[in-house]
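# Remarks on the overall topology
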Amino acid sequence: MRVIIAVCILLLTLTSPLLAWNAFHHRHGATADRRGDSTAPRPGRVQQSEQPPQPGSEFCAGMRNHAFMAGEYLEYRVNYGVAGIHLTTGGVASFTTTLEKFQGKDVYHLVGEGKTSAFYDKFFKVRDKYESYIDTATLQPYKFIRDVNEGGYKTYENVSFIKAAHTAITNTGVYSVPDCIQDVLSAIFYARNIDFSSHKVDDKIPFNMFLDRRVYPLYVRYLGKEVIRTSYGKFRTIKFRPLLVKGTMFEGGEKMTVWVSDDPNHIAVRIESPITVGKVSVDMSKHRGLRYPLTSLIDL
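Owing to the predicted nature of the structure, the values given are computational and were not obtained by experimental measurement.

### Comments concerning the overall build of the chain
When you go through the chain residue by residue, the secondary structure sums to four helices and 16 strands. Within the chain, the proportion of its 300 residues that are buried is 55%. By sequence separation, contacts in the chain at least 24 residues apart represent 59% of the contacts at least 6 residues apart. For the chain, the accessible surface area stands at approximately 12,600 Å², while carbon and sulfur atoms represent 54% of it.

In structure tokens, the structure reads:
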């Protein structure tokens, strides 16, 4: 169950941060509580993260928000399939956007939460929460918070991004980061503003993300447009596939698929991924406060 709920939250980043999430679990296992890691670097010392190639100018300069607004709410349901049998897991993920002040600056406060239903709580209780504070003009993150509680596994990460110093200050140390950086949650909303009309089928769209004290070079591959039917309805969509690193649950390569609405909102309407046993699918189930009408919806 932990796998399915974690997928529900993390898939909705247009799938890219799963690379980092898998790497984390592959290195440290699923039982460590990072709050008490005695091997973490000493705070105050700048650690040199691996520096990947810089993404193209589209992800680093000039992008402005034209896809979402404060007051938006999105909800997703998770299903699991194995041997042709599809099961509802009781897993729910939600994403909210509010307009706030952070250190005197206008920011969007993004919150992503994942939880099991009351029934599944008896077997494996999950309460995950991700928060990001991003600049309303540049969409770059100022602060990221990850608070995960999954059936006894706990991890907490609090990151402040200091743009002028090119550093990320965490609860375990200080790390150098490139000028153009995203966190798990900010990447979702940043990527929603990509101008897909400027891309050709098979184009790779790269960016850098900071998670678990490292900088990860990530990309999504644009696969064109497709009409699909989800549990919500029939949509015109834009299709992607991300690069994944083989980990404890996900197969490596580009085997995960994401469909986002082919309208100015660019919200994820379906995500599918094979896992070690079976397949996970995530469908958008509720929405409100969208910036534009959901014109990609053909019928219910």
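### Overview of unusual backbone geometry
With glycine set apart, most residues show a phi of negative sign, and most peptide bonds adopt trans. Residue glutamine 103 is not a glycine yet carries a positive backbone phi of 50 degrees. Checked against the element boundaries, glutamine 103 lands in the loop between β3 (85–102) and β4 (105–115). Phi at histidine 166 takes a positive value of approximately 55 degrees, unusual for a residue other than glycine. Considering the arrangement of structural elements, one finds histidine 166 in the loop between β7 (153–162) and β8 (167–169).

### Details of the nonpolar core
Core analysis: the largest hydrophobic core is formed by 60 residues, its most contacted members being Tyr76, Phe210, Phe240 and Ile267. Residue contributions to this core peak at seven residues, all from helix α4 (residues 184–191). Leaving out residues up to four positions away in the same chain, phenylalanine 240 has contacts with Phe196, Val220, Arg221, Tyr222, Leu223, Met256, Thr257, Val258 and Val260.

### Structural notes on α4
Most of α4 sits out of view: eight of its eight residues are buried. Within the sequence span of α4, burial applies to Val184, Leu185, Ser186, Ala187, Ile188, Phe189, Tyr190 and Ala191.

### Re the side chain of aspartate 263
Its place among the elements puts aspartate 263 in the loop between β13 (257–261) and β14 (268–274). No salt bridge forms around the buried aspartate 263; measuring N to O, its nearest opposite-charge neighbour arginine 192 is 7.4 Å away. Side-chain polar atoms of aspartate 263 contact the backbone nitrogen of asparagine 265, separated by 2.9 Å.

### Here we look at the packing of aromatic side chains
With the rule as written, the count across this model stands at twelve aromatic pairs. Between the aromatic rings of phenylalanine 68 and tyrosine 108, the centroid separation amounts to 5.1 Å while the plane-to-plane angle is 65 degrees, which identifies the pairing as edge-to-face. Of this pair, phenylalanine 68 sits in the loop between β1 (46–48) and β2 (73–82) while tyrosine 108 sits in strand β4; the two residues are 40 residues apart in sequence, bridging distant segments of the chain. Of the two residues, phenylalanine 68 and tyrosine 108, neither departs from the other in class, the shared state being buried.

### Structural notes on the confidence of the model for the chain
Model confidence for the chain is summarised by a mean pLDDT of 78, while 71% of its residues fall at 70 or above. Considering only residues more than four positions removed or in separate chains, one finds that residues 1–45, a stretch of pLDDT under 50, has 134 contacts. Note on residues 245–252: pLDDT is under 50 here. Beyond four places in sequence and across chains, it has 29 contacts.

Cut-offs used in this document
Sequence order sets the numbering: in each chain, residues are counted from 1 along the sequence as written. Where local features are concerned, this predicted model is filtered to residues with pLDDT of at least 70; where side-chain atom pairs are given and counted, the filter is 80 or more; whole-chain, interface and lining totals use all residues. Side-chain descriptors were evaluated using all non-hydrogen atoms of the structure, hydrogens and water having been removed beforehand. Runs of E in the DSSP output that reach at least two residues are strands. Runs of H or I that reach at least four are helices, and both are numbered from the N terminus. Buried, partly exposed and exposed residues are distinguished by accessible area as a fraction of the type maximum, computed with a 1.4 Å probe on protein chains only: under 20%, between the cut-offs, and over 50%, respectively. The contact criterion used throughout is that any non-hydrogen atoms of two residues lie within 4.5 Å. Per-residue and other accessible areas were derived by the Shrake-Rupley procedure at a 1.4 Å probe size, with only the shown protein chains allowed to occlude residues. The term nonpolar core refers to a set of buried residues drawn from Ala, Val, Leu, Ile, Met, Phe, Trp, Tyr and Cys, joined through side-chain atoms within 4.5 Å. Think of it this way: Lys and Arg go in the positive column, Asp and Glu in the negative one, and His and the chain ends go nowhere. Take a side-chain nitrogen of Lys or Arg and a carboxyl oxygen of Asp or Glu: if they are within 4 Å of each other, that pair is a salt bridge. Identification of polar contacts relies on pairs of N or O atoms within 3.5 Å, with a donor-acceptor requirement for protein atoms, meaning one able to donate a hydrogen and the other able to accept it, and with residues adjacent in sequence counted only if both atoms are side-chain atoms. Each pair of aromatic rings taken from Phe, Tyr and Trp, with Trp reduced to its six-membered ring, is defined by centres within 6.5 Å and is described as stacked if the planes are under 30 degrees apart, edge-to-face if over 60, and tilted in the remaining cases. In predicted models, pLDDT denotes the confidence assigned by the predictor to each residue on a 0 to 100 scale.

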